[in-house]
Amino acid sequence: MKKIISGVCIAITSLAASVEVFAQEIDTTTKITVLQDILVTSNRMELRKKQVPQKLDIITGHDIVMNPGSDVGDVIKKIAALDVIQRPNVATYATIRGFRPPVEPGRINPEVTVLLNGRQSGTQNLALFDPNNIERIEILKGPAGAIYGSNAMGGVINIITKRSTGKVSGNVYGGYGSFQTSEMGYSGGGNIIPKVDFNFSGTFLDRNADFRFGKGNLFRKLLGSEQVELFPATGAIKEFDTAYDGQKRNGTKLSYRTNSLRVAYQINSKWRVDVSGTSFLGRGLESSGDLRTLDAQQGSANRIYNTADISIKGCIKKHHLSLLGYMMAEENSTFNNYNGTTVVTPSPTYQRSEGIVKWIGGQMLDVFTAGQMIKFIAGFDYNEATSRTRAWNQGTAAQNFAVTAKAPTSPWSYVKTFAPFVQAHITLLHEKLIVNPGMRYDFINFGIISTPLFQNLTPKKESNRFISPSVGIQYNIMEGLAGHYNIGRAFRFAQAFEIAGYFEEYLPDNKIRITTGNPELKNEQNLTQDAGIKYNNSKRGYSFDITFFNTRVENRVRQIALTELTGQTYSDGRIIDRYLTYTNADKANIRGLEIEGSYDFGVLKNYHYGLRVFVNITRLIKAEDITKGSGTTPDVKNRIRNVAPLNVGYGIEFDNLKTFSARISGRYLSKRFAQDFGNSNPVLNGAYMKYPRYIVLDLTANYKIAKQHIVSFRISNITDENYYETRGYNMPGRFTGLRYTYRF
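Below: a short report on this structure. (Residues numbered from 1 in each chain as written. Predicted model: local features only at pLDDT ≥ 70, side-chain atom pairs only at ≥ 80, totals over all residues. Heavy atoms only, no water.)

### Things to note about the pairing of strand E25 (residues 481–492)
Consecutive side chains of a regular strand alternate in pointing toward one face of the sheet and then the other.
Line of reasoning, step 1. Relative to E25, strand E24 (residues 460–478) is paired through 8 bridges, and the arrangement is antiparallel. The partner of Gln474 across the bridge, within E25, is His484.
Line of reasoning, step 2. Bridging between E25 and strand E28 (residues 524–537) involves 12 bridges; their strand directions are antiparallel. Note that in E28 the partner of Leu481 across the bridge is Tyr535. (Pairing = 2+ DSSP bridges. Helix = DSSP H or I, 4+ residues; strand = E, 2+ residues; numbered from the N terminus.)

Listed below in structure tokens is the structure:
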């Protein structure tokens with residue numbers, strides 16, 4: 001680790017020294033954007049970031065441009081230090097403050113909500129959003145139940161798209177890189193006529209060759225991360241993760257398209273109408289499956305996402321009113337290229353599953369002021385979501401590979417929510433004290449409905465009411481220095497699969513693994529407190545925020561194995577390898593520290609150039625589920641899976657504010673626990689495991705020619721690491737690419 005720190009220090013020192021040469025001819029009138037003055041909307045009011053007591057991370061459009069990846073999740077995990085589960089076939093899911101990331105598409109009740117311009121996006125898959133259409137991303141950390149209701153226990157990720165006015169401007173770009181990857185995109189917007197403004201964007205990406213895994217592994221060697229630790233019923237075993245270094249991974253080609261359009265009409269000086277739509281289309285996205293099965297799980301996936309909304313906004317005296325309606329549909333389908341359970345053989349491709357999630361909803365808001373010190377927002381949300389899945393099975397060669405429908409793994413379900421809410425922004429003591437109280441009352445109807453071919457399913461309807469209060473307090477100690485405190489409640493209802501799902505997995509040696517739901521599950525709810533101090537001084541070039549948070553979750557849903565059924569004979573004669581179900585832990589404790597900071601060396605030369613270093617750290621001190629024992633039986637504590645105790649995003653960026661800019665960004669992830677369901681060793685299959693640590697670095701360098709032309713050199717995974725977010729689904733090795741952008 002000392003070698004890594006020394007290397008980083010040498011790199012920073014060298015870059016800082018070279019800046020002296022660039023800084024001599026810089027235009028000193030160039031303005032520097034101050035992040036604290038950005039208007040944010042994640043609490044549903046337009047406020048300066050420095051006025052918001054809640055912990056709020058901002059990812060700007062510039063951050064997105066300086067990220068070499070094409071997946072929104074890439075920049076989020078490096079800038080905001082979130083826990084992310086990412087797979088290489090357009091599947092990226094993130095979560096906040098120790099809540100486990102979702103690992104399956106189509107959930108309608110996660111712990112973290114992904115918003116699109118302040119309303120439900122309807123998806124948690126961050127890979128479906130076009131980076132070329134994003135103005136910024138606001139990440140509100142901590143419970144947002146008082147603002148956004150259910151499914152915001154850990155926080156919200158609010159994606160804000162571009163809304164241009166004035167002279168029409170935009171860009172067109174094209175690029176080519178490793179693995180025969182070609183890309184093209186466009187973005188533009190402005191006023192067509194004085195009363196009509198618009199935005200449009202699109203992205204076309206094709207990876208025409210299979211990628212290969214990394215083989216350089218500089219950091220993996222320095223960290224001693226060649227092995228993963230597994231913990232079966234007894235003892236501990238280590239397995240090497242080096243067997244596939246540098247190998248090409250068959251079945252990893254992909255192609256997708258995104259498009260978006262927004263048109264607005266200014267009715268008069270006070271009222272306007274906006275209509276917008278976004279789509280993602282990815283068909284035949286190759287899926288290689290767990291690499292430890294080699295090519296036996298190869299197939300493909302279709303990922304299709306469409307959403308649209310219409311809103312009207314205006315003013316009546318001191319009231320700023322808005323009315324919005326939206327709809328969304330997401331389809332995830334999988335196709336298999338193989339057949340068999342104990343002996344896997346190639347077969348005609350068939351569709352294995354289909355999942356369709358649909359959302360419709362609306363919201364009405366009224367933002368009004370009461371004097372100079374108080375601003376209120378009041379309104380209501382209505383959301384209706386449905387989730388329907390289907391599944392098929394393929395016969396053997398002797399059966400001519402006949403495809404027949406079978407019961408899906410999860411029953412069909414729906415949720416309907418109506419919720420009035422109120423939030424206030426109060427400034428006192430000559431704006432030294434800021435108080436943000438809020439309250440939301442959710443009326444929820446949840447149901448599991450009759451599902452074709454699903455056996456022994458009892459339809460279920462449930463109504464819930466939940467009050468989510470919150471209070472945020474900020475005291476401005478002096479210019480730029482403030483202390484902040486927040487407390488709030490949030491909740492999540494159990495998923496349909498957790499309540500009534502059923503899944504069978506056939507294993508070698510005539511064994512079967514069964515996962516089933518639990519109809520007695522209770523809904524999760526949590527109470528979170530956080531407190532910290534933040535400081536920003538653009539004149540001196542630095543800012544920081546240190547926040548401690550403590551979350552107590554009641555009735556946390558977790559998966560368990562019914563050990564008494566292990567080894568029993570199933571009805572079809574197979575031996576039960578593992579029988580899994582869901583239960584409520586009595587409670588969960590999640591406690592941690594968030595540290596965010598940056599320093600711009602450009603202040604030393606009166607901002608004639610920029611040389612900024614930045615870091616964002618999430619340190620989980622405790623993240624465990626607790627089930628109380630009875631009598632002499634002690635409490636059982638289990639580490640929450642798929643969240644890392646230490647998550648660090650960091651980088652250094654140089655900008656001569658004229659023609660050249662470059663950024664090196666990276667991520668460090670510590671060891672974290674998961675379960676290994678892909679291990680070919682029956683003893684280890686399903687065992688808890690501890691993933692090794694990893695470090696990944698990226699580089700983006702831009703050179704501007706005559707203001708309109710930009711040439712970008714991009715490298716992802718500079719040191720060619722072989723690493724993974726989920727074991728068996730390793731990420732690509734080093735990617736190198738060039739991009740040309742024309743701005744108009």
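### Observations regarding the sheet that holds strand E13 (residues 227–231)
Line of reasoning, step 1. With respect to topology, 4 strands assemble into an open sheet ordered E14-E13-E38-E37, the strand pairing being antiparallel. Pairing within the sheet leaves two strands with one partner each, and these edge strands are strand E14 (237–240) and strand E37 (672–676). Taken pair by pair, the neighbouring strands of this sheet meet at an average axis angle of 35°, ignoring direction.
Line of reasoning, step 2. Taken together, the 4 bridges between E13 and E14 define a ladder with antiparallel strand orientation. (Axes fitted to C-alpha atoms, helices over the stretch in contact; angles between N-to-C directions.)

### Focus on the nonpolar core
Line of reasoning, step 1. Membership of the largest hydrophobic core comes to 55 residues, with the highest contact counts inside it found for Ile76, Ile137, Ile139 and Ile157.
Line of reasoning, step 2. In contact with Ile157, other than residues within four places in its own chain, are Ile76, Leu82, Ala94, Ile96, Val112, Thr113, Val114, Leu115, Ile137, Glu138 and Ile139.
Line of reasoning, step 3. Grouped together as the second largest cluster of nonpolar side chains are 18 residues, Val40, Leu56, Leu140 and Val156 included. (Core = buried A, V, L, I, M, F, W, Y, C linked by side-chain atoms within 4.5 Å. Buried < 20%, exposed > 50% of the residue type's maximum accessible area, 1.4 Å probe, protein only. Contact = heavy atoms within 4.5 Å.)

### A few points about the environment of Gly517
Line of reasoning, step 1. Its location among the elements puts Gly517 in the loop between strand E27 (511–516) and E28.
Line of reasoning, step 2. A residue is classified by how much of its surface remains accessible, and Gly517, at 13% relative accessible area, is buried.
Line of reasoning, step 3. Gly517 sits 17 residues away from Ala500 along the chain, and the two C-alpha atoms are 4.3 Å apart.
Line of reasoning, step 4. Leave out the neighbours within four places in its chain, and Gly517 touches Phe497, Glu498, Ile499, Ala500, Gly501, Thr581 and Tyr582.

### Describing helix H3 (residues 72–79)
Line of reasoning, step 1. Within H3, 8 of the 8 residues are buried, leaving the element largely enclosed by the surrounding structure.
Line of reasoning, step 2. At the N-terminal end of H3, a side-chain oxygen is found 2.8 Å from the backbone nitrogen of Gly73, two or three residues along, and the residue is Asp71.
Line of reasoning, step 3. A positive phi of about 55° marks Ala81, the residue just after H3. (Polar contact = N/O pair within 3.5 Å; in protein donor to acceptor, adjacent residues only side chain to side chain.)

Keep in mind these numbers describe shape, not what the thing actually does.
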